[in-house]
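Architecture and fold: a report
One letter stands for each residue in the lines below.
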Amino acid sequence: MIRDMKPVGILMGRLPHGSDLLDSLNQLCADTKVTLGRIEAIGAVQEARLQYYDQSKKQYQELRVKRPLEIVSLIGNVSLKENQPMVHAHICLADDEGNAFGGHLAPGTIVFACEFTLTRLDGPALEREQDTQTGLPLWKEEK
Ligand code: ZN
């Protein structure tokens with residue numbers, strides 16, 4: 001599936017110190033009424049909780065890193081799940097020796113400082129629904 005989208009505005013800002021990174025991004029989209037978009041961020045976290053999807057078990061396993069890390073890169077998208085904007089983001093983090101950790105961003109990653117760029121897109125809504133092949137909530141196919 002491919003949809004044609006147009007960027008219609010870019011919001012930049014920072015997230016509160018001590019907030020949950022994923023919750024704050026979801027709240028940002030709700031507050032600014034962005035239901036379709038792309039998101040990027042850099043900064044640092046106090047600790048991280050990531051997930052890795054086990055494709056054979058069709059379930060997420062957890063990776064917790066309980067120490068300060070740099071956000072080398074966060075990239076994600078915004079679409080609808082059950083009529084609410086939902087951020088799906090992946091993140092790459094680095095420790096004090098430059099070792100990197102990466103994965104699917106999960107609740108439990110705590111902001112130290114975070115600067116985001118949120119691009120609002122205009123186009124047909126993308127809605128998630130449970131996909132039986134992967135077990136993941138993926139975008140609906142075009143009809
Ligand atoms: Zn993911």
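Scope of this entry: the structure provided in the associated data block. The residue numbers shown here count from 1 along each chain, following its written sequence. Reporting in this predicted model follows two pLDDT cut-offs: at least 70 for local features of residues, and 80 or more for side-chain atom pairs to be given and counted; totals over whole chains, interfaces and linings ignore these cut-offs and use all residues. Only hydrogens and water are set aside; all other atoms, that is, all heavy atoms of the structure, feed into the side-chain values.

Turning our eyes to something else, we now look at the overall build of the chain. Looking only at helices and strands, one finds 1 helix and 9 strands in the chain. Only DSSP runs of H or I reaching four residues or more are called helices, and only runs of E reaching two or more are called strands; each is numbered from the N terminus. Mapped in sequence order, the helices and strands of the chain form the string β-α-β-β-β-β-β-β-β-β. The globule rule used for comparison is 2.2 Å times the number of residues to the exponent 0.38, while the radius of gyration itself is calculated over C-alpha atoms. Radius of gyration (C-alpha) of the chain: 15 Å, near the 15 Å computed for a compact globule of 143 residues. When the backbone C-alpha atoms are referred to their principal axes, the chain occupies close to 50 × 40 × 20 Å. Categorising residues by exposure relies on relative accessible area from a 1.4 Å probe, with only protein chains included: less than 20% of the type maximum marks a residue as buried, more than 50% marks it as exposed, and the intermediate range marks it as partly exposed. Counting only residues that meet the buried cut, the chain has 36% of its 143 residues in that class. It only takes one pair of heavy atoms within 4.5 Å for two residues to be counted as in contact. A separation of at least 24 residues holds for 70% of the contacts in the chain among residues at least 6 apart in sequence. Here the chain displays about 8,600 Å² of accessible surface, and carbon together with sulfur accounts for 50% of that area. With residues, only the protein chains shown are counted as cover, and all accessible areas are computed by Shrake-Rupley using a 1.4 Å probe.

Let's shift gears to the nonpolar core. The criterion is simple. A nonpolar core is a set of buried Ala, Val, Leu, Ile, Met, Phe, Trp, Tyr and Cys residues joined through side-chain atoms within 4.5 Å. Within the largest apolar cluster, 26 residues are counted, with the highest numbers of intra-cluster contacts made by Leu21, Leu25 and Leu74. When residues of this core are traced back to their parent elements, those giving at least two are helix H1 (21-32), strand E2 (37-54), strand E4 (69-81), strand E5 (84-94) and strand E7 (110-122). When near neighbours in sequence (up to four residues on either side) are disregarded, Leu25 contacts Leu15, Ile39, Leu74, Val87 and Leu105.

The pairing of E2 with strand E3 (residues 59-65) spans 7 bridges and is antiparallel. Within the sheet, the bridge partner assigned to Asp54 lies in E3 and is Gln59. Note on pairing: two strands pair once DSSP finds at least 2 bridges between them. The loop that links E2 with its antiparallel partner E3 comprises 4 residues; one of these, Lys58, has a positive phi angle of about 55°.

Right, let's talk about the coordination of the zinc ion for a bit. Six octahedral donors around a metal ideally make angles of 90 or 180 degrees; four tetrahedral donors ideally make 109.5 degrees. Those protein atoms acting as donors to the zinc ion are His88 (NE2), His90 (NE2) and His104 (ND1), and they sit at 2.0 to 2.1 Å. Written as a sequence motif, the donor arrangement for the zinc ion is H-x1-H-x13-H. Of the two residues, His90 sits in strand E5 while His104 sits in strand E6 (residues 100-105), which places them 14 residues apart along the sequence. Under the relative-accessibility criterion, His90 is labelled partly exposed at 39%. Note that water is not among the atoms used; donors are N, O and S atoms within 2.8 Å of the metal (3.2 Å for Na, K and Ca), so sites may look incomplete.

Of note, Leu69 is situated in strand E4. Exposure remark for Leu69: the relative accessible area of 2% places this residue in the buried category. Between the C-alpha atom of Leu69 and that of Phe101, which follows or precedes it by 32 residues, the distance is 9.2 Å. Setting aside residues up to four positions removed in sequence, Leu69 forms contacts with Ala44, Val45, Ala48, Leu93, Ala94, Asp95 and Phe101.

This brings us to unusual backbone geometry. If you check the backbone angles, Lys33 has positive phi at about 55° while not being a glycine. Residue position: Lys33 is located in the loop between H1 and E2. The residue Glu82 is not glycine, and still its phi comes out positive at about 50°. Checked against the element boundaries, Glu82 lands in the loop between E4 and E5.

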